[in-house]
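# Examining the three-dimensional arrangement
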Amino acid sequence: MAVPTRSQISPGIEVNIVLKQDQRSGTLTNGIVSRLLTKSTSHPHGIKVQLEDGQVGRVKEIIS
């Protein structure tokens, strides 16, 4: 499964992210994107975003 690129992610969409402390277990956290933190077009571990509740993590999948 390929991680989404920056162009596929925008504020207001629902995503599943992996938080820093959950990287080993791979536990996903659901939320709405508040802002994008990664400037590059792609990242091998996922684009880093901040959710509306303030949590920060890398996008693993977009919820359609």
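Described in the following lines is the structure provided in the data block. For every chain, the first residue of the written sequence is number 1, and numbering continues from 1 onward in sequence order. The predicted origin of the model limits local features to residues at a pLDDT of at least 70 and limits the giving and counting of side-chain atom pairs to 80 or more, whereas totals for whole chains, interfaces and linings rest on all residues. With hydrogens and water excluded, all non-hydrogen atoms of the structure serve as input to the side-chain values.

### Considering the nonpolar core
Our working definition: Nonpolar cores were defined as sets of buried Ala, Val, Leu, Ile, Met, Phe, Trp, Tyr and Cys residues, with membership established by side-chain atoms within 4.5 Å. A 1.4 Å probe rolled over the protein chains alone gives each residue an accessible area, and that area as a share of the maximum for its type sets the label: buried under 20%, exposed over 50%, partly exposed in between. The secondary structure listing takes helices from DSSP runs of H or I that are at least 4 residues long and strands from runs of E that are at least 2 residues long, numbered from the N terminus. We call two residues in contact when some of their heavy atoms are within 4.5 Å.
Counting ten residues, the largest nonpolar core consists of Ile9, Val15, Ile17, Leu19, Val33, Leu36, Ile47, Val49, Leu51 and Val59. Residue contributions to this core peak at three residues, all from strand S1 (residues 14-19). Beyond its immediate stretch of four places on either side in the chain, Leu36 contacts Arg6, Ile9, Ser10, Pro11, Ile47, Lys48 and Val49.

### Overview of the pairing of strand S2 (residues 28-36)
Note on strand geometry: in a regular strand, side chains alternate between the two faces of the sheet. So the rule is basically this: Between any two strands, pairing holds if DSSP finds at least two bridges.
Taken together, the five bridges between S1 and S2 define a ladder with antiparallel strand orientation. Residue pairing for S2: Glu14 is matched across the bridge by Ile32.

### So, the sheet that holds S1
Working definition: the strands of a sheet are paired by backbone hydrogen bonds and lie parallel or antiparallel to each other. Cut-off, in case you're wondering: Axis angles are defined between N-to-C directions and span 0 to 180 degrees, where every axis is a line fitted to C-alpha atoms and, for a helix, only to the segment in contact.
The strand order S1-S2-S3-S4 describes a closed barrel built from four strands, whose pairing is antiparallel. In this sheet, adjacent strand axes meet at a mean angle of 70° when their direction is disregarded. Two strands pair when backbone bridges link them, and strand S3 (residues 48-51) and strand S4 (residues 56-62) are joined in this way by three bridges, in the antiparallel orientation. Within S4, the residue paired with Val49 across the bridge is Gly57.

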